[in-house]
Amino acid sequence: MRKELLPGEQVITITRQQPRSLFLPTLAFIVIPALAAYACAWIIKGNPQRLAPFITVEWTPWLVGTCVGLAALVLMAYSVKRLLKWRSVRFILTSRRIIAKYGMFRRGDWQVSLMAVRSVGVHQNLLQRTLHSGNISLDTGPSGEAVLTDVPEVGKFRGFILDAMDELPKGGIFEGEVLSDFDGLPWELREGGRDER
């Protein structure tokens, strides 16, 4: 993140989405190996031979391997995939911008300058209120609205945003910002360079 900062910019906080989306993958990570272990024990005891007489004892390693392979496949396709998706989302608040980064292999991000933010809103459903998380909407005027989804400790994060907005220099300029008042600038910065008279 240090390379992406503008001159004089500081990171205030970095957070991820609320980890409540990991509840079912974590539950699956506990239940699926337990079920696979039970199925393997059931196979080793010889129960498949009682159900289907054509299954012999030589099939046991293949059946156990199939159970373990299916359990590993389900865990990789569901639990690990959800964990990687959760870890790939970051919200970064700096002294000048809000940055949201998405994805691990295909990266995407968006940035909002704090000077462009007109208002900061928080929206919560009942579950989010219980877990102290919520969605933060940033009104940026004519360019639209940016939304940070499922931010943990949403009240604190909104407070950090508002504090950072209050600490922005009044009438100051940032790199890349369009200037509206040219009279206060030194001659070197005006369009056309120095006055050579």
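Below, the structure is looked at part by part.

About the cut-offs
- Residues numbered from 1 in each chain as written.
- Predicted model: local features only at pLDDT ≥ 70, side-chain atom pairs only at ≥ 80, totals over all residues.
- Heavy atoms only, no water.
- Axes fitted to C-alpha atoms, helices over the stretch in contact; angles between N-to-C directions.
- Helix = DSSP H or I, 4+ residues; strand = E, 2+ residues; numbered from the N terminus.
- Parallel < 35°, antiparallel > 145°, perpendicular 65-115°, else oblique.
- Contact = heavy atoms within 4.5 Å.
- Nonpolar A, V, L, I, M, F, W, Y, C, P; charged D, E, K, R; others polar.
- Core = buried A, V, L, I, M, F, W, Y, C linked by side-chain atoms within 4.5 Å.
- Buried < 20%, exposed > 50% of the residue type's maximum accessible area, 1.4 Å probe, protein only.
- Disulfide = S-S within 2.5 Å.
- Expected span 1.5 Å × (residues − 1).
- Arc of directions from axis to C-beta.
- Polar contact = N/O pair within 3.5 Å; in protein donor to acceptor, adjacent residues only side chain to side chain.
- Salt bridge = Lys/Arg side-chain N within 4 Å of Asp/Glu carboxyl O.

One way to put it is that helix α1 (residues 23–44) packs onto helix α3 (residues 60–87) with a least axis distance of 9 Å and a crossing angle of 180°. It follows that α1 is roughly antiparallel to α3 by the angle criterion. Between α1 and α3, the residues in contact are Leu24, Pro25, Ala28, Phe29, Ile32, Pro33, Ala36, Ala39, Cys40, Ile43 and Ile44 and Thr60, Leu63, Val64, Cys67, Val68, Ala71, Val74, Leu75, Tyr78, Ser79 and Arg82, respectively. Along the lines of polarity and charge, the residues of the contact of α1 with α3 split into 19 nonpolar, 2 polar and 1 charged.

All right, on to the nonpolar core then. Side chains that are nonpolar tend, in soluble globular proteins, to be buried together. In this structure, Leu114, Ile136, Leu138, Leu148, Phe157 and Ile161 are the most contacted members of the largest nonpolar core, which totals 20 residues. Of all the secondary structure elements, the ones that give two or more residues to this core are β2 (90–94), β3 (97–102), β6 (133–139), β7 (145–152) and α5 (154–166). A total of 5 residues in this core trace back to one element, the largest contributor, which is α5. Beyond its immediate chain neighbours, meaning those up to four positions away, Ile161 contacts Leu93, Ile98, Leu114, Val120, Ile136 and Leu138. In this structure, Ala28, Ala36, Ala71 and Leu75 belong to the second largest nonpolar core, which totals 5 residues.

Time to look at the state of the cysteines. Taken as a whole and judged by the stated rule, the model has 0 disulfides. Left without a disulfide partner, Cys40 is nearest to the cysteine sulfur of Cys67, which lies 4.8 Å away.

In this section: α5. With 13 residues, α5 extends 18 Å from end C-alpha to end C-alpha; this agrees with the ideal 18 Å at 1.5 Å per step. The complete set of buried residues in α5 reads Val154, Phe157, Ile161, Ala164 and Met165. Down the axis of α5, the smallest arc covering the buried residues is 105°, so these residues share one side. Turned more than 90 degrees off the buried face of α5, the exposed positions are Lys156 and Asp166. Structurally, α5 contributes buried residues whose contacts are with β1 (11–15), β2, β3, β5 (119–123), β6 and β7.

As a further point, take the side chain of Thr140. Tracing the backbone through its elements, the reader meets Thr140 in the loop between β6 and β7. The exposure class of Thr140 is buried, given its relative accessible area of 13%. Looking at Thr140, its side chain comes within polar contact range of the main-chain oxygen of Gly144, at 2.7 Å. Thr140 has contacts with Val112, Ala116, Val117 and Glu145, leaving out every residue within four places of it along the chain.

Scanning the model with the defined rule gives 2 salt bridges in all. One salt bridge in this structure joins Glu9 and Arg97, with 2.9 Å as the shortest N-O distance. Pair noted here: Glu9 is in the segment before β1 and Arg97 is in strand β3, with a separation of 88 residues, a long-range link. On the basis of relative accessibility, which here comes to 10%, the residue Arg97 falls in the buried class. With its nearest N and O atoms 3.2 Å apart, the salt bridge here joins Asp150 to Arg20. With Asp150 in strand β7 and Arg20 in the loop between β1 and α1, this pair connects stretches of sequence that are 130 residues apart. Residue classification places Asp150 among the buried residues on the basis of a relative accessible area of 10%. Taking relative accessible area as the criterion, Arg20 reaches 30% and is therefore assigned partly exposed.

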